[in-house]
Amino acid sequence: MTSRHTVWLVARRELRTRLRARSFLVGTAVSIAILVGFVLMQSTLFGGERVTRVGLSGQAAAISAPLAEEARSLGLDVQVSTVRDASAGEAAVLDGDLDALVTGTPAALHVVVDESLDENLRRALNTLVQEEVLRAQLAAVEELDPDHVLGTVADATVDVRSLRAPDPTHDERLAMALVIVALLYLSLLLYGTMVAQGVVEEKSSRVVEILLAAVRPWELLAGKVVGLGLVGLAQLTVVGGVGVVLAVVTDVLTIPGVAVGTLLWGLLWYLLGYLFYATVFAAAGSLVSRQEETQSVLLPVTSVLVLAFVLGFGLLSRIPNSSATAVLSVLPPFAPILMPGRLALGTATGWDVALAVVLMLVSVAALTWLAGRIYARAVLRTGPRLPLREALRKA
Amino acid sequence: MLEVDGVTKRFGDVLACDRVTFDVAAGELFGFVGGNGAGKTTTMRIVLGVLAQDAGSVRFAGAPVEHAARRRFGYLPEERGLYPRMRVLEQLVYLAELHGAGINAAHRAAEHWISRLGLREHRDTELQRLSLGNQQRVQLAAALVHDPLLLVLDEPFSGLDPLAVDVLVEVLREQARAGVPVVFSSHQLDLVERLCDRVGIVAAGRIVACGTVEQLRAGTGSTLVVEAPDAPPDWASGLPGVTVLGVHSGQTRLRVAPGVDDQPILAAALATGRVRGFTHHHPSLAELYRDVVGVGSR
């Protein structure tokens, strides 16, 4: 009997056991529901906490204090700074370090933004310009014509220039990015934990002893990882597919092509991320002998996933174009969650994706080797938690 | 058929197996006897490939044991364990397949052992819902379900009710008759004596005696029970070639060295007064075991 057949037998048991469990159906339904609520909640949270960073250049530096005051009265949280010159400011806007660059004289302000100007900020700036114009009109008081003054003041608004054409689908893309980030985080966490729990179940029930009399440790590990991975892939496909169809049918999404693409990229990154995390979860699980100890031994691994998720949500919704987002989205522990988000936003270049995939594959290979060693050594040891150092040493 | 040759295994400072050597022929029932921690389980796990030995070799049918050969062995581990949430039939079919059986053969064999071991009403029950005794039966079926070429059973009788013990004895004899070498360990020495063709006694990781019970007896002489109610407790102490095993309500148990004439013993007994009994016994395996391992009852 070949190893491939053995791995398939083990995987098939996992598939049957999990797919037949009621918890799979309930879990799928609940994750759809959680997802919807989660995204709604997150979007309001992020909306409320937003700080708008404005850079002032040249004579516009004079509006620093009034702008801060005006913004506060509009309920806008503005952080004002002075930039050396206009070109440095524009670079900062492109990088996402500044939300808006303001130049020109107080009576004729020019605003440079990445895609579009925040409406509250526009109102604040307009008020400042109009006050300035009004002040000039009042200075020439002998020729005062009220209608003329009001007309001039009303015409005085800031001049806005966008560095990039605003993307009308940006909000939809951002929503999809956040959904795919959340879905991948949940899937990786859930199925990684299942792998660890499966390993611990076999250890704590001692069934591993007769299993290892028939199959090699790596065959048992590979079968478990493959089986649960397929279950997770099935669930993600169902949840994602239902989500895309519902969103398109209800006109929430107007870009079905991008939605399907996002889902497909998401599935690919699920597979890569699952292979990355599952073997680590399995190795961690093999260090303990009782289910009660599973959570504590998994904590370092789940922490990395949580960090990736929190970073992904924050970076993608606030500074999707920053170099920090680009760098983190290529690094293996974060890539499976960040990269599909960037792909949904359409901000990832082909090179970014290629580099991230290569780094991912290399680290999957290295981790599988390492985790396989730890697992093979630790899986038959019962009793207290096995220190990692001991599991790595030659048995 | 199974040859264990010089198998040595060390855990830190503990030498669990020290050049353990024995062989089991086709169709032979081999009893593995020894105290807790003597090295029985470690030896069995090495035979099954669950542990790797530091030195020595295990051969089966003349060839060093590889993964493919081990897959056809049947194993009942000392620490029992199966999937608690898996149904009995499914579990046995799965294990048979893992051991290389085709799906149809696996189903047939699983059904066969389920009815043979009296589990038919539980075939679709989750293992964790069965009584401990029935879980033991499933565990036994798991060792047998793939039609093994060698059976290695670690304490198969512990936790079995008397009826299940009878079934197991029958099954083991049947397997041996079919030519399967059977190795099992047990603390129930009377059972081992009744069942086994040959016995290996292990102490502190070494095989200290190995052979048929007759062979083990050969060097030890016999046990003589003398019933002399009037005799003082130490009446036999000075006799050459005689060891006093115990004195209990007028009965004196003596170990008589091989080749020693028993007539002077009878004469000495008669000298103390009445003699009501004078009987030779073959030492039981339990007595032999105590002799060999050295924790005597004297």
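Note on numbering: residues in each chain are counted from 1, in written sequence order. All chains are assigned letters beginning at A, and all ligands numbers beginning at 1, according to the order in which they are written. With the structure being a predicted model, the display of local features is reserved for residues of pLDDT at least 70 and the display and counting of side-chain atom pairs for 80 or more, all residues being used for whole-chain, interface and lining totals.

- An unreviewed UniProt entry lists chain B under the name ABC-2 type transport system ATP-binding protein, from Actinokineospora diospyrosa.
- UniProt annotates chain B under Subcellular location (unreviewed entry) with the comment "Cell membrane". UniProt positions are given in the numbering used here, feature names are shortened, and annotations may be inferred rather than shown by experiment.

- The name an unreviewed UniProt entry assigns to chain A is ABC-2 type transport system permease protein, from the organism Actinokineospora diospyrosa.
- Checking UniProt for chain A, the heading Subcellular location (unreviewed entry) contains the comment "Cell membrane".

**So, the sheet that holds strand β7 (residues 150-154) of chain B**
Residue and element names in this part refer to chain B.
Reasoning step 1: Ordered by their spatial adjacency, 6 strands build an open sheet running β6-β7-β8-β3-β9-β10, and the pairing between neighbours is mixed. The open sheet has two free edges, formed respectively by β6 (73-76) and β10 (206-211), since each of these has just one partner strand. Pairwise comparison of adjacent strand axes, ignoring direction, gives a mean angle of 15° for this sheet.
Reasoning step 2: Two strands form a pair only when DSSP identifies at least two bridges running between them. The helix count covers DSSP runs of H or I at least four residues long, the strand count covers runs of E at least two residues long, and both are numbered beginning at the N terminus. Pairing of β7 with strand β8 (residues 182-185) involves 4 bridges; the strand directions are parallel. Considered in β8, the bridge of Val 152 is made with Val 183.
Reasoning step 3: Once C-beta atoms have been placed from the backbone, residue pairs whose C-beta atoms lie within 7 Å are recorded as contacts. Structural elements are reduced to axes, namely lines fitted to C-alpha atoms, with helices fitted over the stretch in contact, and the angle between N-to-C directions of any two is expressed from 0 to 180 degrees. On top of the sheet, helix α1 (residues 40-47) reaches β3 (29-34), β7, β8 and β9 (198-203); it is set at about 150° to β7, its chief contact.
Reasoning step 4: Its contacts with the sheet put helix α10 (residues 285-293) on β3, β9 and β10, and the angle it makes with β9 is roughly 35°.

**Quick look at unusual backbone geometry**
Residue and element names in this part refer to chain B.
Reasoning step 1: Positive phi, close to 50°, is recorded for Ala 61, a residue that is not glycine.
Reasoning step 2: Among the secondary structure elements, Ala 61 is positioned in the loop between β4 (55-60) and β5 (63-64).
Reasoning step 3: The exposure class of Ala 61 is partly exposed, given the 13 C-beta atoms found within 10 Å.
Reasoning step 4: Within the chain, Ala 204 stands out as a residue other than glycine whose phi angle is a positive 50°. We call a residue exposed when 12 or fewer other C-beta atoms sit within 10 Å of its C-beta, buried when the count reaches 20 or more, and partly exposed for counts in between; the C-beta positions come from the backbone.

**Quick notes on the UniProt feature "domain: ABC transporter" (unreviewed entry) in chain B**
Reasoning step 1: Sites flagged by UniProt as "domain: ABC transporter" (unreviewed entry) map to residues 2-229 of chain B.
Reasoning step 2: Helix makes up 35% of residues 2-229 of chain B and strand makes up 29%, while its end C-alpha atoms are separated by 52 Å.

**Notes on the domain arrangement of chain B**
Reasoning step 1: Taken domain by domain, chain B consists of domain 1 (2-212) and domain 2 (221-282).
Reasoning step 2: For each domain, the first and last residues come from an automatic or database assignment. A C-alpha centroid distance of 43 Å is found between domain 1 of chain B and domain 2 of chain B.

**Considerations on the packing of helix α10 (residues 256-285) of chain A against helix α13 (residues 335-345) of chain A**
Residues and elements named next belong to chain A.
Reasoning step 1: Two elements in contact, α10 and α13, have axes separated by 9 Å at closest approach and are oriented at 170°. Viewed along their axes, α10 and α13 adopt a mutual orientation that is roughly antiparallel. Contacts between α10 and α13 involve Thr 262, Trp 265, Gly 266, Trp 269, Leu 272, Gly 273 and Phe 276 from the former and Pro 336, Met 339, Pro 340, Leu 343 and Ala 344 from the latter.
Reasoning step 2: All residues other than Ala, Val, Leu, Ile, Met, Phe, Trp, Tyr, Cys, Pro, Asp, Glu, Lys and Arg, Gly among them, are scored as polar; the first ten of these are nonpolar and the last four charged. When the residues that make up the contact of α10 with α13 are grouped by side-chain class, the tally is 9 nonpolar, 3 polar and no charged. Orientation categories follow fixed angle ranges, with anything under 35 degrees roughly parallel, anything over 145 roughly antiparallel, 65 to 115 roughly perpendicular, and all other angles oblique.

**A look at the interface of chain A and chain B**
Reasoning step 1: Each side of the interface is counted separately: chain A has 16 residues, and chain B has 22 residues.
Reasoning step 2: Breaking the side of chain A that touches chain B down by element, the ones donating at least two residues are α1 (3-20) and α8 (207-212) of chain A.
Reasoning step 3: The element that contributes the greatest number of residues to the side of chain A that touches chain B is α8 of chain A, accounting for 5 residues.
Reasoning step 4: Split into classes, the residues belonging to the side of chain A that touches chain B amount to 10 nonpolar, 2 polar and 4 charged.

**Points about the nonpolar core**
Reasoning step 1: The term nonpolar core means buried Ala, Val, Leu, Ile, Met, Phe, Trp, Tyr and Cys residues held together as one set by C-beta atoms within 7 Å. Core analysis: the biggest nonpolar cluster contains 161 residues, and Val 181 and Ala 282 of chain A together with Leu 92 of chain B have the highest contact counts within it.
Reasoning step 2: In terms of residue count, the dominant contributor to this core is helix α7 (residues 170-204) of chain A (18 residues).
Reasoning step 3: Formed by 27 residues, the second largest nonpolar core is a distinct cluster that contains Leu 76, Leu 98, Val 102 and Val 111 of chain A.

**Observations concerning the pairing of strand β2 (residues 78-82) of chain A**
All names here are of chain A.
Reasoning step 1: Pairing geometry for strand β1 (residues 52-56) and β2, over 5 bridges, is parallel. What sits directly across from Leu 56, in β2, is Thr 82.
Reasoning step 2: A crossover connection joins β1 to the parallel β2 through helix α3 (residues 64-73); in handedness this β-α-β unit is right-handed. Look down the strands so they point away from you; if going from the first strand over the helix to the second traces a clockwise path, that crossover is right-handed.

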